[in-house]
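# Structural overview
The lines below spell out each chain.
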Amino acid sequence: MSLDKSKKEKYVQILKEELVPALGCTEPIAIAYTAANLRKIMGGIPDEILIESSGNIIKNAKSVIVPNTGGMKGMEASTLIGLIGGNADKGLEVLADVTEEHVKQAHEYLAKSCTKLKLMDTPASLHIRITGKLNGDTGVAELIHQHTNIVLLKKNDEVIFEKPYSLNSAAGALTDRSCLNVKDILEFADTVPVDEVAPIINRQIEYNMRVSEDGLKNSYGIETGKNILKYNQRKGDHFSVKVQAEGEVAAASDARMCGCSYPVITNSGSGNQGLAVSVPVVVYARENKINEERLIRCLIVSNLLAIHQKTGIGRLSAYCGAVTAGAACAAAITYMKGGSYEQICGTIANTLGTVSGILCDGAKQSCAAKIASALDSALFSHELAMEGNFFAGGDGVVKDDIEKTIAGIGVVAAEGMHKTDEVVLQVMLKD
């Protein structure tokens, strides 16, 4: 039975909402975006700045390089460069117009020690509030749940912008994700007119493969991607598309985590997850000579399966998103190779039953290695599934139904790993 028109429209809208460009890691970018909105109402750069945020924001902004800053890191740097050179009208590309003069000014403000950090007491994993003081005026900009979801702009007693929100739920901020399930995602990928989604998917291919190429061409971090590919030189039958895919996606993450000036297309609010669901699929399509339309349909599968899994987990968690992105990507490769519904479900279940539990300890160089490791397991899970080998329901977290398995992982990540998240942050902040 084919999907009804309403559900198809929702699936297209979900892709539009999730596959958006972001320059740099999305958590420091969210800080910069909040700061750029604060400058709009302040009319200048505050000389006293209080940065409050949830623990997950601190975790993900601590070690990653802020793009276009010449190597600056941290929440203070993200805030100051957003205040000084950010363009709030560009969303997650807020730092696209940053200049060397802006960076110089940011260093000068850092030297003044005009910023203070505070851990926010909030149930929301993605929550930022920046308060600034300038010439006797006080301004506040607040963002919650989504990386560009500003909910309050206030100057002194004047509320300039405000919209309602729930501290405990992001419901209403995005299209309802409850319509997502594996069977309907596959039906949608098979039947949607390709011209309805091609602009969204083709932009993802263009942006994310460009970042991968940059990571392979230039030196970023410890060069995880390049080092993977050192062992995969083309030597006749010894070439491995599996290793090639791991190397190219790791190189993309190398670049993104270490200051690459190109934007990527995100998935589930994450640039790394956007890379993980797309680059390996493109590599497999290239090696298997898959045509453009088929590649687009495969990327629909990969993107929507990742979004489906992350819906129960949440935007930010102690559960590394490379696992769910890797499972989605490998399932899309199973789909690419003509795998059945059972084999696609088996790919996901095999992956989640193997590498669930990789910790998210913030955005930084090792994300590239985590993506490659999760993908390696996921692609092995794909190979097992293609041979009809699946973990059985009752094997740990794996259930006899893929939707129950996905839901269970959501509970483990969102509820079971909540304390883990707190402890990881405590460890990260200790010398």
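Residues numbered from 1 in each chain as written. Predicted model: local features only at pLDDT ≥ 70, side-chain atom pairs only at ≥ 80, totals over all residues. Heavy atoms only, no water.

### So, the state of the cysteines
Counted under the stated rule, the structure contains zero disulfides. Take cysteine 320: it sits in no disulfide, and the sulfur closest to it among the cysteines is that of cysteine 360, at 6.2 Å. (Disulfide = S-S within 2.5 Å.)

### Observations concerning the pattern of salt bridges
Scanning the model with the defined rule gives 17 salt bridges in all. Across the salt bridge formed by glutamate 248 and arginine 286, the nearest N and O atoms sit 2.6 Å from each other. Of this pair, glutamate 248 sits in helix H9 (residues 241-257) while arginine 286 sits in helix H10 (residues 271-287), and the two are 38 residues apart along the sequence. Residue class for glutamate 248 comes out buried when judged on its relative accessible area of 6%. Using a relative accessible area of 40% as the deciding quantity, one classes arginine 286 as partly exposed. When the shortest N-O distance is used, the salt bridge between aspartate 361 and lysine 370 registers 2.7 Å. Judged by its relative accessible area of 30%, aspartate 361 falls in the partly exposed class. Residue lysine 370 is classed as buried on the basis of its relative accessible area of 17%. (Salt bridge = Lys/Arg side-chain N within 4 Å of Asp/Glu carboxyl O. Helix = DSSP H or I, 4+ residues; strand = E, 2+ residues; numbered from the N terminus. Buried < 20%, exposed > 50% of the residue type's maximum accessible area, 1.4 Å probe, protein only.)

### Quick word on empty space enclosed by the protein
Here the structure, examined in full by the defined rule, presents one cavity of 30 Å³ or more. Taken as a whole, the largest cavity holds about 350 Å³ of empty space. Contributing to the lining of the largest cavity are 31 residues, with Asn60, Ser270, Gln273, Gly321 and Cys360 lying nearest its centre. For the lining of the largest cavity, the elements supplying multiple residues, two or more each, are helix H2 (26-42), helix H3 (55-61), H10, helix H12 (321-336) and helix H14 (366-386). When grouped by side-chain class, the residues that make up the lining of the largest cavity number eleven nonpolar, 13 polar and seven charged. (1 Å grid on protein atoms, 1.4 Å probe; cavity = no way out; pocket = protein on both sides within 12 Å on 5 of 7 lines; lining within 4 Å. Points joined across faces, edges and corners; volume = space filled by probe spheres on them. Nonpolar A, V, L, I, M, F, W, Y, C, P; charged D, E, K, R; others polar.)

### Overview of the nonpolar core
Core analysis: the biggest nonpolar cluster contains 89 residues, and Val182, Phe188, Ile300 and Leu304 have the highest contact counts within it. With residues up to four places along the chain from it excluded, the contact list for phenylalanine 188 reads Leu3, Lys8, Tyr11, Val12, Leu15, Val197, Ile300 and Leu304. Among the nonpolar cores identified, the runner-up in size contains 45 residues, and Ala30, Ile81, Val94 and Leu134 belong to it. (Core = buried A, V, L, I, M, F, W, Y, C linked by side-chain atoms within 4.5 Å. Contact = heavy atoms within 4.5 Å.)

### Description of the side chain of serine 253
With respect to the element layout, serine 253 can be found in helix H9. On the basis of relative accessibility, which here comes to 0%, the residue serine 253 falls in the buried class. A polar side-chain atom of serine 253 sits 3.0 Å from a polar atom in the side chain of asparagine 272. Excluding anything up to four places from it in sequence, serine 253 contacts Asn272, Leu275, Cys367, Ala368 and Ile371. (Polar contact = N/O pair within 3.5 Å; in protein donor to acceptor, adjacent residues only side chain to side chain.)

### Digging into unusual backbone geometry
Positive phi, close to 55 degrees, is recorded for asparagine 135, a residue that is not glycine. Relative to the elements of secondary structure, asparagine 135 occurs in the loop between strand S4 (127-134) and strand S5 (137-144). Judged by relative accessible area, which is 70%, asparagine 135 ranks as exposed. With a phi close to 70 degrees, histidine 145 is a non-glycine residue in the positive phi region. Assignment of secondary structure puts histidine 145 in the loop between S5 and strand S6 (150-155). Classification of histidine 145 by relative accessible area gives buried; the value is 11%.

### Examining the layout of surface pockets
Taken as a whole, the largest pocket encloses approximately 1100 Å³ of empty space. Around the largest pocket, the lining is made up of 46 residues, and of these Ala124, Ser125, Gly314, Arg315 and Leu316 lie nearest the centre. Listing elements by their share of the lining of the largest pocket, those giving two or more residues are H3, helix H11 (292-313), helix H15 (402-416) and helix H16 (418-429). Here the second largest pocket defines a volume of roughly 260 Å³. Together, 18 residues line the second largest pocket, and Glu17, Val20, Leu92, His147 and Thr148 are the ones closest to its centre. In terms of residue class, the lining of the second largest pocket is made up of five nonpolar, eight polar and five charged.

Purely geometric numbers; function is a separate question.
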